[in-house]
Amino acid sequence: QVQLEESGGRLVQAGGSLRLSCAASGRTFRSYAMAWFRQVPKKEREFVAGIAGITGQTFYTDSVKGRFTISRDTAQNTVYLQMNSLKPEDTAVYYCAARNWDVSPSSDDYTIWGQGTQVTVSS
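Residues numbered from 1 in each chain as written. Predicted model: local features only at pLDDT ≥ 70, side-chain atom pairs only at ≥ 80, totals over all residues. Heavy atoms only, no water.

**Considerations on the pairing of strand β5 (residues 46-51)**
So, point 1. Within β5, five of the six residues are buried, which leaves it mostly tucked inside the rest of the structure.
So, point 2. Bridge count between strand β4 (residues 33-39) and β5: five bridges; the pairing is antiparallel. Bridge assignment links Ala35 to a residue of β5, and that residue is Gly50.
So, point 3. Joining the antiparallel neighbours β4 and β5 is a turn of six residues, in which Lys42 adopts a positive phi near 70°. (Buried < 20%, exposed > 50% of the residue type's maximum accessible area, 1.4 Å probe, protein only. Helix = DSSP H or I, 4+ residues; strand = E, 2+ residues; numbered from the N terminus. Pairing = 2+ DSSP bridges.)

Structure (C-alpha cells):
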C-alpha cells in the first residue's frame with residue numbers, strides 16, 4: 001500500500017512563495033493520479049491541483065491558476081506544489097492524495113491521503 005507524507009508548510013507573508021512536497025512510500029504505480037487539496041474550518045476539502053499518472057496532464061482550480069504549479073519527479077516518488085504570489089485566503093491545511101485512476105476534483109474519489117501540512121499566509 002502506498003503511503004503519503006506532506007512537508008513544507010509554514011508561515012509566509014502575503015506575496016511570498018513556498019514549495020510543498022508529498023513523498024510516497026511503498027509500491028508506486030505510474031497510472032496513479034496525484035492531487036493537492038486544502039481545507040479550512042467550516043469548509044469542504046477543496047481541490048487545488050492534480051496531475052495525471054499516465055499523461056502528466058495538470059489541472060488547477062481557477063483561484064490558483066497562474067500562481068501554483070504541480071509537478072512530479074520521474075521516479076514518481078514525490079509530487080510538489082510550487083506556490084507563488086501567496087494570498088491570505090490560501091491559508092489552509094494542505095493534503096496530498098492519490099488514486100489509481102484519472103484526476104478527479106472530488107475528495108471522495110481518492111483512496112490514499114497524507115496527514116496534511118499547515119500553510120499560513122499573513123497579511
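**Details of the packing of aromatic side chains**
So, point 1. Counted under the stated rule, the structure contains five aromatic pairs.
So, point 2. A centroid spacing of 5.2 Å and a plane angle of 55° characterise the contact between Phe37 and Trp113, whose relative ring orientation is tilted. Pair noted here: Phe37 is in strand β4 and Trp113 is in strand β10 (residues 112-113), with a separation of 76 residues, a long-range link.
So, point 3. We classify Phe37 as buried; its relative accessible area is 0%. (Phe/Tyr/Trp six-rings, centres within 6.5 Å; stacked < 30°, edge-to-face > 60°.)

**Let's talk about the environment of Glu46**
So, point 1. Position of Glu46 relative to the elements: it lies in strand β5.
So, point 2. Look at Glu46 and you get partly exposed, because its relative accessible area is 31%.
So, point 3. On a C-alpha basis, the gap between Glu46 and Gly16 in space is 22 Å, while along the polypeptide they are 30 residues apart.
So, point 4. Ignoring sequence-local partners within four residues, the contact set of Glu46 consists of Trp36, Phe37, Arg38, Thr61 and Ser63. (Contact = heavy atoms within 4.5 Å.)

**Quick word on the nonpolar core**
So, point 1. Counting 27 residues, the largest nonpolar core has Leu4, Trp36, Leu81, Met83 and Tyr94 as the members making the most contacts within it.
So, point 2. Where this core is concerned, the elements lending two or more residues are β3 (18-25), β4, β5, β7 (68-72), β8 (78-83), β9 (92-99) and β11 (117-122).
So, point 3. If you look at the next biggest cluster of nonpolar residues, it comprises eight residues, including Ala35, Ala52, Ala97 and Val103. (Core = buried A, V, L, I, M, F, W, Y, C linked by side-chain atoms within 4.5 Å.)

**A word on the pairing of strand β1 (residues 3-7)**
Each regular strand shows side chains that alternate between the opposite faces of the sheet.
So, point 1. Of the two faces of β1, the one lined by Leu4 and Glu6 is fully buried and the one lined by Gln3, Glu5 and Ser7 carries no buried residue.
So, point 2. When β1 meets β3, the two strands line up antiparallel, connected through five bridges. Across the sheet, Glu6 pairs through a bridge with Cys22, a residue of β3.

**Quick notes on the state of the cysteines**
So, point 1. Tallied over the full model, the rule gives one disulfide.
So, point 2. Each disulfide pairs two cysteine sulfurs, and for Cys22 the partner residue is Cys96, the sulfurs being separated by 2.0 Å. Because the sign of the S-S torsion sets the handedness, a value of about 60° for the bond joining Cys22 and Cys96 places this disulfide among the right-handed ones. A residue pair is termed long-range when its members are at least 10 positions apart, and Cys22 in strand β3 and Cys96 in strand β9 qualify at 74 residues.
So, point 3. For Cys96, a relative accessible area of 0% translates into the label buried. (Disulfide = S-S within 2.5 Å.)

It is worth stressing that arrangement in space is one thing and function is another; only the former is reported here.
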